[in-house]
Amino acid sequence: MGRARRYTSDSPSALLIGPYDPHCGEFTFLAPPLGVWRLAGVLEAAGIETKVFDPNCCRGPPQLALERELLSGAWDIVGVSTTGMTLRFDLELAHIVRRVTPEAFIVAGGMEATFRPELMFELGPFDLIVLGEGERPLLDLVARRRAGQPLGGIAGTAERTKDGQIIRIPQRALSRDELRDAIFSTPYDKMPYSAYWERLESAYRIGALPSKAAREAHLAEIRSVRLITLNYCPMGCTFCSATNFLHEAQGSVASVARLEADECLTMIERIVAAHPRVRTIIFQDDIFVFTRDHRILPLCEGIIAAKHSGRIPVHLQFISTNRIDAMSAERLTAMSRAGFRVLGFGIENFSKKVLGEFNKAQIQRHIEPMLSAALANGVTPFLDLILSSPHAALEDVGQTLREAYRWLREGCEIGMYPYVIPFSGSAYAQDPSLLPQTYYARQRVAGTDIAWQQPVKILPIDPIVSGAILRMESSFEAMLGEIEEHTAHLPSRLRSLLWILASLPIMAELGQYIADESEVRSELHARLPTLRPAAAPIAAASA
Ligand code: B12
Ligand code: SF4
């Protein structure tokens, strides 16, 4: 905290940089970075001039665009958002900030900064790390700068002392009302959703789709706006960091908080007013419907009433991410009537043993009846699957692949990942017994000589299972590379069919029959949107 600072004015200005993913949209649909936009809204509401720099959606190379942005103003605070997946790129931008504006006060925040403040100080040029929700610490920081007060000891930060020690000062999570105010401050009217839609439309070559129905379906998916109504998910799955994020910042168990049904409707109306071309609102809460949930039925009724009265468009659709054990026939029917067309379910695995390892064994008995009920209601379930766990046996992987294929053919969509990624803050990432199973990648920060070993996979302990998973991964990557040379970018639901295709010979060699190869291949062909003239590559790649 010893750096000499230049105080530019009574009204400090802040530049907030979103997480940087140069492979934009490679894994999934990208969108404006909600975290920094929400912070920008809260700072602006407090009279602090704030700008968001979105490296995934700017003119020209993000490095140059950032330099331009930095030189265009006198920034009192520059904030860099971090996630584990994007860290090396986020750090590259942070180092550019330090080089171009040596006097800037640089703050890191977000998931990775919260769980790994020591690593941030080691690898980045940061003056301060914000832990957990950034609203209060940033407001406090700015108020102190205005008052010319010392910047040490702010609740919700980690700082490095002169002798190199890292001190963490916890903060309590936002209360329900504070969370509501922060969400309500999100400046949706300024968020460049249209620019994202245009990019996605061209990446997915919407104009080249063969039928109007296919084009409409894609547009409904692409022209979406994301809304988060919850502060965190309390379910504590072992591979996931969501539960621990606010606990980490608070230093104890944080209370769950979320918007009420009428507040959700207010936000929906604001989003429609800000982006009239929106087709779908994605409730991006970690978990949208709880087992004991008093919000979902009134919310669905409210949406239907708002559509009838013309307050929101009749055709507006919704997507949400849910726990399957929180679903019931009544809730599914209500959600379908309100316009929920896709419901995401973190199924993860079809093996009860693996689900137990993931701390979600209780969902297993709900999978079959609730997927069937959703399909019967005209709702498409989108399942996220992790093919293996540290203790998975070959049978568990086989069962999950077979069930995945079955549900794909029934009409579900699936995102598939081969192994657990050790995200900072997850129980798995902190389990020392899994260290021998953890694999690292050497990451480098471009433009610097900084490098570090980042944990990237936890492979199954059984060598036969981990060997099979790694072979599937390389076969999948080879096929994907070939296909994407000839067709549009493949969304995750098509990638899952490719995973199944890649697994067939490997699992068959190990005595596990998954599905008929020619049948899987024709399923894939039938779903590939723009492949018509060049159908050959899959056959070649998967041979
Ligand atoms: C929405 C979402 C997405 C969306 C959109 C992201 C976007 N542009 O908004 C999409 C679908 C694109 C997406 C994709 C992926 N995601 Co995602 N995603 C989320 C989710 C559900 C919500 C993020 C969010 O908007 N939160 C709400 C905002 C308000 O919170 P926030 O961003 O944390 O910001 C607050 C604080 O962190 C802090 N803060 C944040 N930045 C900064 C910066 C400064 C300077 C300061 C002071 C404070 C600060 O203040 C903010 C306000 O309080 C999170 C889970 C979660 N609970 O956060 C996962 C999550 C971030 N995603 C995750 C993953 C793994 C992915 C994917 C890799 C999935 C995949 N395998 O394809 C991809 C990767 C994409 C990429 N290149 O990074 C992981 C990341 C794990 C990690 N440690 O890195 C998470 C944490 C889920 C999980 N636990 O597994 N994701
Ligand atoms: S995987 Fe889903 S249900 Fe489990 S803790 Fe994470 S967000 Fe919650």
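This text goes with the structure placed above it.
Procedures and definitions
Residues numbered from 1 in each chain as written. Chains lettered and ligands numbered in written order. Predicted model: local features only at pLDDT ≥ 70, side-chain atom pairs only at ≥ 80, totals over all residues. Heavy atoms only, no water. Core = buried A, V, L, I, M, F, W, Y, C linked by side-chain atoms within 4.5 Å. Buried < 20%, exposed > 50% of the residue type's maximum accessible area, 1.4 Å probe, protein only. Contact = heavy atoms within 4.5 Å. Near = heavy atom within 4 Å. Polar contact = N/O pair within 3.5 Å; in protein donor to acceptor, adjacent residues only side chain to side chain. Helix = DSSP H or I, 4+ residues; strand = E, 2+ residues; numbered from the N terminus. Nonpolar A, V, L, I, M, F, W, Y, C, P; charged D, E, K, R; others polar. Lys, Arg positive; Asp, Glu negative; His and termini not counted. Salt bridge = Lys/Arg side-chain N within 4 Å of Asp/Glu carboxyl O. Phe/Tyr/Trp six-rings, centres within 6.5 Å; stacked < 30°, edge-to-face > 60°. Pairing = 2+ DSSP bridges. Axes fitted to C-alpha atoms, helices over the stretch in contact; angles between N-to-C directions.

A. Quick peek at the nonpolar core. Judged by nonpolar contacts, the single largest core of 116 residues is most densely connected at Ile268, Phe340, Met472 and Ile500. Beyond its immediate sequence surroundings of up to four residues, Phe340 is in contact with Phe283, Phe288, Cys300, Ile303, Phe318, Ile319, Ser320, Met335 and Val379. Core analysis: the second largest hydrophobic core is formed by 34 residues, Leu15, Val97, Ala108 and Leu131 among them.

B. Quick look at the site of ligand 1. Asp21, Ala31, Ser81, Gly84 and Glu135 are the nearest of the 39 residues found near ligand 1. Residue Ser241 places a side-chain N or O atom 3.1 Å away from a nitrogen atom belonging to ligand 1. At a separation of 3.4 Å, a nitrogen atom of ligand 1 approaches a polar side-chain atom of Tyr417. Put simply, the parts of the chain that give the shell around ligand 1 at least two residues each are helix H1 (34–45), strand S3 (77–82), strand S4 (105–110), helix H4 (111–115), helix H6 (135–147) and helix H10 (242–250). Ranked by the residues each element gives to the shell around ligand 1, the list is headed by H1, at 4 residues. Per-class residue counts for the shell around ligand 1 are 19 nonpolar, 13 polar and 7 charged.

C. Just unusual backbone geometry, in detail. Unlike most non-glycine residues, Glu348 shows phi in positive territory, near 70°. Here Glu348 lies in strand S11 (residues 340–348). In this structure Glu348 comes out as buried when scored by relative accessible area, which is 8%. Unusually for a residue other than glycine, Asn359 sits at a positive phi of about 65°. With respect to the helices, strands and loops of the structure, Asn359 is situated in the loop between helix H14 (352–357) and helix H15 (364–376). The exposure class of Asn359 is partly exposed, given its relative accessible area of 36%.

D. Structural context of the side chain of Glu92. Locating Glu92 in the fold gives a position in helix H3 (residues 87–100). Buried within the structure, Glu92 lacks any salt-bridge partner; Arg99 is the closest side chain of opposite charge, at an N-O distance of 8.0 Å. The residues touching Glu92, leaving out its near neighbours within four places in the chain, are Tyr20, Gln63, Val445 and Ala446.

E. Looking closely at the site of ligand 2. Around ligand 2, a shell composed of Cys233, Met235, Gly236, Cys237, Phe239, Cys240, Thr243, Asp286 and Arg323 is seen. Class assignment for the residues of the shell around ligand 2 results in 5 nonpolar, 2 polar and 2 charged.

F. Highlighting the side chain of Thr101. As for its placement among the helices and strands, Thr101 is situated in the loop between H3 and S4. For Thr101, the side chain forms a polar contact with the main-chain oxygen of Val97, separated by 2.7 Å.

G. Broad picture of the packing of aromatic side chains. This structure, assessed with the given rule, holds 11 aromatic pairs. Ring plane angle 35° and centroid distance 6.1 Å describe the contact between Phe288 and Phe340, whose orientation is recorded as tilted. With Phe288 in the loop between strand S9 (280–283) and helix H12 (296–308) and Phe340 in strand S11, the pair connects residues that are 52 residues apart, well separated along the chain. Like Phe288, the residue Phe340 is buried in the burial classification.

H. Examining the pattern of salt bridges more closely. Taken as a whole and assessed by the stated rule, the structure comprises 28 salt bridges. The closest approach of N and O atoms between Lys360 and Glu348, which form a salt bridge, is 3.1 Å. Remark: Glu348 occurs in strand S11 and Lys360 occurs in the loop between H14 and H15; sequence separation between them is 12 residues. Between Glu368 and Arg406 there is a salt bridge, and its shortest N-O distance comes to 2.9 Å.

I. Representation of the sheet that holds strand S8 (residues 224–227) in the model. Read across the open sheet, the 6 strands follow the order S8-S9-S10-S11-S12-S13; overall the sheet is parallel. Since the sheet does not close on itself, it has two edges, and those belong to S8 and strand S13 (413–417), each with one partner. Across the sheet, the mean angle from the axis of one strand to that of its neighbour is 20°, orientation sign disregarded. Bridging between S9 and strand S10 (residues 317–322) involves 4 bridges; their strand directions are parallel. Paired with Ile281 across the strands is Phe318, a residue of S10.

J. Geometry of the sheet that holds strand S2 (residues 50–53). Within the open sheet, the 7 strands sit side by side as S2-S1-S3-S4-S5-S6-S7. Their pairing is mixed. For this open sheet the edge positions go to S2 and strand S7 (166–169), each flanked by a neighbour on one side alone. In this sheet, neighbouring strand axes are inclined to one another by 20° on average, regardless of whether the strands run parallel or antiparallel. Pairing geometry for S4 and strand S5 (residues 128–130), over 2 bridges, is parallel.

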